[in-house]
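# Structural overview for review
In case you want the letters, here they are:
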Amino acid sequence: MSCPKELSALEALWRSKRGTRRLPSRSDFTPENLRPWLGNLGIVAVERAQRLRFRVLLSGTRLDDYRGFGVTGRYLDEICGNGFRSLRRYLDCVTRGEPVHLVHDNSSNSRIYARMAKILLPLSEDGVTVDRILMAIYPLPANDGDDLPQTPSALAG
């Protein structure tokens, strides 16, 4: 299988909004632009106070349905623990300033169990420092997701 078409299309939108800049900003995206993905989108703030932390600013309705509970306003390390495997992918997104693709199994704290395809797209108000991450998650069909694109901007794991 290739990258889910929804995630490929969202990354294409991100790249078009970026233009010649290193990173697009949150304000480059309108609800109208994001309409096809709205229920599957989240926006995560990158906070750098005492330590780097990720706080969910927005969690789409489908994402909350997958989990069985809402996470808006909560920190990722509180939701899934400090050992949450995907945290390193968020760190990679912030450090590299490039899209990150991954596949993960839903954790036991979710309502459904499924393999999920996820994309993390860095955003920056100053065009340099990643201060938000636009992310989308889609469930994969059973026995799928082992071949997400292996490009420099894509990480499977």
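These notes cover the structure that comes with them. (Residues numbered from 1 in each chain as written. Predicted model: local features only at pLDDT ≥ 70, side-chain atom pairs only at ≥ 80, totals over all residues. Heavy atoms only, no water.)

### Things to note about the overall build of the protein chain
Short version of the rule: Strands are runs of DSSP state E lasting at least two residues, helices are runs of H or I lasting at least four, and both sets are numbered from the N terminus onward. Each residue gets one of three labels from its accessible area relative to the maximum for its type: buried under 20%, exposed over 50%, partly exposed in between, using a 1.4 Å probe on protein chains only. The contact criterion used throughout is that any non-hydrogen atoms of two residues lie within 4.5 Å. The method behind every accessible area is Shrake-Rupley, applied with a 1.4 Å probe, and residues are considered shielded solely by the protein chains displayed.
A tally of regular secondary structure across the protein chain gives five helices and five strands. For the protein chain, with 157 residues in total, the buried portion stands at 49%. For the protein chain, restricting intrachain contacts to residue pairs at least 6 apart in sequence, the fraction spanning at least 24 positions comes to 57%. Split by element, the accessible area of the protein chain, about 7,700 Å² in all, is 52% carbon and sulfur.

### Focus: the packing of aromatic side chains
Stated precisely, the cut-off is as follows: For Phe, Tyr and Trp, where Trp contributes only its six-membered ring, two rings pair if their centres lie within 6.5 Å, and the inter-plane angle classes them as stacked under 30 degrees, edge-to-face over 60, or tilted in between. The rule is short: NZ of Lys or CZ of Arg within 6 Å of the ring centre and within 35 degrees of the ring normal puts a charge over the ring.
If you walk through the whole model with that rule in mind, you get one aromatic pair. Their ring planes at 50° and their centres at 5.5 Å tell us that F54 and Y90 sit as a pair that is tilted. Placement of the pair is F54 in strand β2 (residues 53-59) and Y90 in helix α5 (residues 87-96), with a sequence separation of 36 residues. The exposure class of F54 is buried, given its relative accessible area of 5%. On the basis of relative accessible area, Y90 is assigned to the buried category, the value being 1%. Above the face of the Y75 ring, R53 is positioned so that its terminal group lies 3.7 Å from the ring centre.

### Digging into the environment of M135
Locating M135 in the fold gives a position in strand β5 (residues 132-139). Its relative accessible area of 5% is what places M135 among the buried residues. Spatially, the C-alpha atom of M135 lies 9.8 Å from that of H101, the residues being 34 residues apart in sequence.

Taken by themselves, the reported measurements are silent on function.
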